[in-house]
Amino acid sequence: MEDVIEISDSEREESSSTSEMDVDTQEVNNSAADAEQIVPKDAATIAEEKKKLGNDQYKAQNYPSALKLYSDAISLCPDSAAYYGNRAACYMMLLNYNSALTDARHAIRLDPSFEKAYVRVAKCCLALGDIIGTEQAVKTVAELDSQSKALSSEQQAVQKLRQLETTIQSNYDSQAYRNVVFYLDSALKLAPACLRYRLLKAECLAYLGRCDEALDLAVGVMKLDSNSADAIYVRGLCLYYTDNLEKGILHFERALQLDPDHHKSKKMRSKCKQLKEMKENGNMLFKSGRYREAHVVYTDALKIDEHNKDINSKLLYNRALVNTRISALREAVADCNRVLELNAQYLKALLLRARCHGDLEKFEEAVADYETALQLEKTPEIKRLLRDAKFALKKSKRKDYYKILGIARNATEDEIKKAYRKKALVHHPDRHAGSSLEVRQDEEIKFKEVGEAYAILSDARKKQRYDSGQDIEEQEQADFDPNQMFRSFFQFGGGGGRNASFNFEY
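Bear in mind that the values here come from a model prediction, so they are computed numbers and not experimental data.

(A) Main features of the overall build of the chain. Each helix and strand in the chain was counted, giving 26 helices and zero strands. Considering the chain as a whole, with its 506 residues, one finds that 40% of them fall into the buried category. In the chain, once contacts between residues fewer than 6 apart in sequence are set aside, the share between residues at least 24 apart is 53%.

Right, here's the structure in full:
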C-alpha cells in the first residue's frame, strides 16, 4: 500500500498564499506593459529620435530621407531652432537654397544667438546672389564671435561678387554682351542659384543670336518660378530674334500682366509691333509693284534693331529683290553681301546674288556663288543654273562678235552687213596710214576683229555654232584674211556692186 502524504493546515495556507502572490506579480507586470502601450512617449522624445535618425541619413548622404525625418521632428516640436537648422543644412545639400534660407531665418527667430543659422543664411544668400543679405549675416556672425572663421571664404566671395556686378553693368550699358556673358559665368560660379544672373545671361545670349541657349536658361527658371516676368520676357526676346513676332508680342504682354512696370517688355513690345507692321507694309508694296516705296519702308525697318540678324537678313534680301526690279543690280549685290555676312547659309540670297552677277556679266563670281549654293542644297535646278553660268563664263572669254559690230544678238542679215561696212571703213588701215605706229597697230587689230565678226555672223552654220557656245575651229580662224574679206565684200554686192568704190570720211 502507498504512503499518503498529508499536508498540514499551515502548509496549505502558505501554499495558497504563495500562489496568490505569484498571480498578483504577473498581473502587475502585464498591467505595466499595457500601460506603456496606452501612454506613448512624449512628442519631444520622439522628435529627438527623428532628428537622430535624420542625422544618420544626412551623414550617409541620403538627403531626401533626412529631409523627411527632420520635417517630422519639426512637426512634433515646431519651436526647436536646432531642427530648423538641421533641415536648412539638408536643403542646402539638395541645392534648394530658398527653402534652406527660410528655415535658417526661422531658426534665428526662435534663437537669435544661433550662430550656425547665421552661417547658413550667409551661404544661402551668397548662392542666391543676395550680396546685402550675405554681408549682413557675415557681420552678425562676427558680432557673435569675433574669432569665428566660419565665413572667411564667403566674405572674400561677396567682395569679388560686388566687383563683378559693377563690371557686368558697365559692359551691359555699352552693349558689350559677349563680355557680359563672360563675367556672368564667373559670377554664377560664386552664386550658382542666382536666377537674376541666369536671366541676364539668357537676355545677352538672345542679343548675340544664341537663342537656343537663352531659351534653355529661361525655361529652367520658369520651372522654378512660372510667374517670373523676366523669364517670360526672355522667352519673348528669343521669339522676337527668330522672327516669330506675333508670339513675341504675346509674351511681352504676359510679362506686363505680371509686372506692369516691366520697362524692357514695354520697349520690346513696341519695337516688335513696329517691325511687324513695317515688314508687312513693305511686302504689300512689293507685291503691288510699288518698288521704290517698298525700298523706303525696308530701309527704315532696317534701322529699328541692328541686333536682330534674322529679321534684318530677310529685310535686306527683300530690299535686294526690290533693287533688281528697279535695275539697281549693284545695290542688290551689296544687299545680298550683307545678308550673307549675317547668315552664310541664306540660300535665296546666294542664288539672287549669283543671278545679279550673271546679269552684270561677272560670270566667274556667278559660277562661284552657284557652286556654293550647290554645296548647301543639291537640287536639279541649282545644277542647271551652275551649268548655265559655266557656259556663260566660257562664252564670255571668247570675242563678242555682236559687240564688236555694235549690233544686237537678234540682228538681221542686212543689219549685220551694214554694221560690218560701217566698222570696216572706220578701222581700215588705209584710213590711219598717217597715224602713229601705236594707233596703226591698234586699228589693224580692230579691223581684223571686225572682219572675223562678219565672217562668223554672216555664215549661217558658223553663226549657229557661235550662238550655241561651240568653239569655232581654230583652222578656220587661222586662215582668215581680213583684207580679202574687205575686198570681197565691197566688190560683190555687200558694198554696192562689183565696180563700186568708196571714200573714207575724215
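(B) A look at the environment of Ile 46. Looking at the secondary structure, you find Ile 46 in helix α2 (residues 43-59). For the pair Ile 46 and Asp 72, spaced 26 residues apart in sequence, the C-alpha to C-alpha distance is 9.4 Å.

(C) Local environment of unusual backbone geometry. Of note, Gln 61 is a non-glycine position whose phi angle comes to about 65 degrees, a positive value. The phi dihedral of Glu 361 is positive, around 60 degrees, even though this residue is not glycine. What makes Glu 361 exposed here is its relative accessible area of 58%.

(D) The packing of helix α16 (residues 309-325) against helix α17 (residues 329-342), seen in detail. Contact geometry of α16 with α17 gives a least axis separation of 8 Å together with a crossing angle of 165 degrees. Between α16 and α17, the crossing angle belongs to the class labelled roughly antiparallel. Crossing of α16 against α17: the hand is left-handed. Residues Lys 309, Asn 312, Ser 313, Leu 316, Tyr 317, Arg 319, Ala 320, Asn 323 and Thr 324 of α16 form the contact with α17, whose participating residues are Leu 329, Glu 331, Ala 332, Asp 335, Cys 336, Arg 338, Val 339 and Leu 342. Partitioned by chemical class, the residues of the contact of α16 with α17 number eight nonpolar, four polar and five charged.

(E) The arrangement of the pattern of salt bridges in detail. Summed over all chains, the structure comprises 27 salt bridges. A salt bridge links Lys 68 to Asp 72; its shortest N-O distance comes to 3.3 Å. Note that Lys 68 and Asp 72 are positioned in helix α3 (residues 63-76) at a spacing of four residues, about one turn of the helix. For Asp 310, the salt bridge goes to Lys 314, with nearest N and O atoms at 3.8 Å.

(F) Looking closely at the nonpolar core. Membership of the largest hydrophobic core comes to 83 residues, with the highest contact counts inside it found for Leu 161, Tyr 197, Leu 237, Tyr 240 and Leu 275. If you tally residues by element for this core, the top one is helix α12 (residues 229-240), at eight residues. Apart from residues lying up to four places away in sequence, Leu 275 is in contact with Tyr 240, Leu 245, Ala 301, Ile 304, Asn 308, Ile 311 and Leu 315. With 36 residues, the next largest nonpolar core counts Met 92, Ala 117, Leu 128 and Ala 137 among its residues.

(G) Quick peek at the environment of Glu 165. With respect to the helices and strands, Glu 165 occurs in helix α8 (residues 152-173). Accessibility expressed as a relative area gives 25% for Glu 165, which makes it partly exposed. In sequence terms Glu 165 and Tyr 183 are 18 residues apart; their C-alpha atoms lie 8.5 Å from each other. Setting aside its immediate chain neighbours within four residues, Glu 165 contacts Gly 129, Ile 131, Arg 196 and Tyr 197. A polar side-chain atom of Glu 165 sits 2.4 Å from a polar atom in the side chain of Tyr 197.

(H) How the structure looks around the side chain of His 427. Of note, His 427 is situated in helix α22 (residues 413-427). Its relative accessible area of 12% is what places His 427 among the buried residues. Not counting residues up to four positions away in its chain, the partners in contact with His 427 are His 432, Glu 443, Lys 446, Phe 447 and Val 450.

(I) Layout of the packing of aromatic side chains. Applying the stated criterion across every chain, the model contains 13 aromatic pairs. Three or more aromatic residues joined by ring pairs make a cluster, and in this case those are Tyr 172, Tyr 177, Tyr 207, Tyr 240 and Tyr 241.

(J) Examining the packing of helix α4 (residues 81-93) against helix α5 (residues 97-110) more closely. Where α4 contacts α5, the axes come no closer than 8 Å and their chain directions differ by 165 degrees. When the axes of α4 and α5 are compared, the pair comes out roughly antiparallel. The interaxial crossing formed by α4 with α5 has left-handed handedness. Across the interface between the two elements, Ala 81, Tyr 84, Gly 85, Arg 87, Ala 88, Tyr 91 and Met 92 from α4 touch Tyr 97, Ser 99, Ala 100, Asp 103, Ala 104, His 106, Ala 107 and Leu 110 from α5. Among the residues making up the contact of α4 with α5, the classes are represented as ten nonpolar, three polar and two charged.

(K) Molecular detail of the confidence of the model for the chain. A residue-level look at the chain finds 87% of positions with pLDDT of 70 or above and a mean pLDDT of 87. Here residues 1-29 is modelled with pLDDT under 50, and outside its nearest four sequence neighbours on either side it reaches two contacts, counting other chains as well. Of the regions scoring below 50 in pLDDT, residues 496-506 engages in 17 contacts with residues more than four places distant in sequence or in other chains.

(L) Expanded view of the side chain of Lys 271. You can see Lys 271 is positioned in helix α14 (residues 263-287). Put simply, Lys 271 is tucked away with no salt bridge, and the nearest opposite charge, on Asp 305, sits 4.1 Å away. If sequence neighbours within four positions are ignored, Lys 271 has contacts with Tyr 240, Ile 304 and Asp 305.

Thresholds applied
- Residues numbered from 1 in each chain as written.
- Predicted model: local features only at pLDDT ≥ 70, side-chain atom pairs only at ≥ 80, totals over all residues.
- Heavy atoms only, no water.
- Helix = DSSP H or I, 4+ residues; strand = E, 2+ residues; numbered from the N terminus.
- Buried < 20%, exposed > 50% of the residue type's maximum accessible area, 1.4 Å probe, protein only.
- Contact = heavy atoms within 4.5 Å.
- Axes fitted to C-alpha atoms, helices over the stretch in contact; angles between N-to-C directions.
- Parallel < 35°, antiparallel > 145°, perpendicular 65-115°, else oblique.
- Left-handed = near helix turned anticlockwise from the far one by under 90°.
- Nonpolar A, V, L, I, M, F, W, Y, C, P; charged D, E, K, R; others polar.
- Salt bridge = Lys/Arg side-chain N within 4 Å of Asp/Glu carboxyl O.
- Core = buried A, V, L, I, M, F, W, Y, C linked by side-chain atoms within 4.5 Å.
- Polar contact = N/O pair within 3.5 Å; in protein donor to acceptor, adjacent residues only side chain to side chain.
- Phe/Tyr/Trp six-rings, centres within 6.5 Å; stacked < 30°, edge-to-face > 60°.
- pLDDT = per-residue confidence, 0-100.
- Lys, Arg positive; Asp, Glu negative; His and termini not counted.

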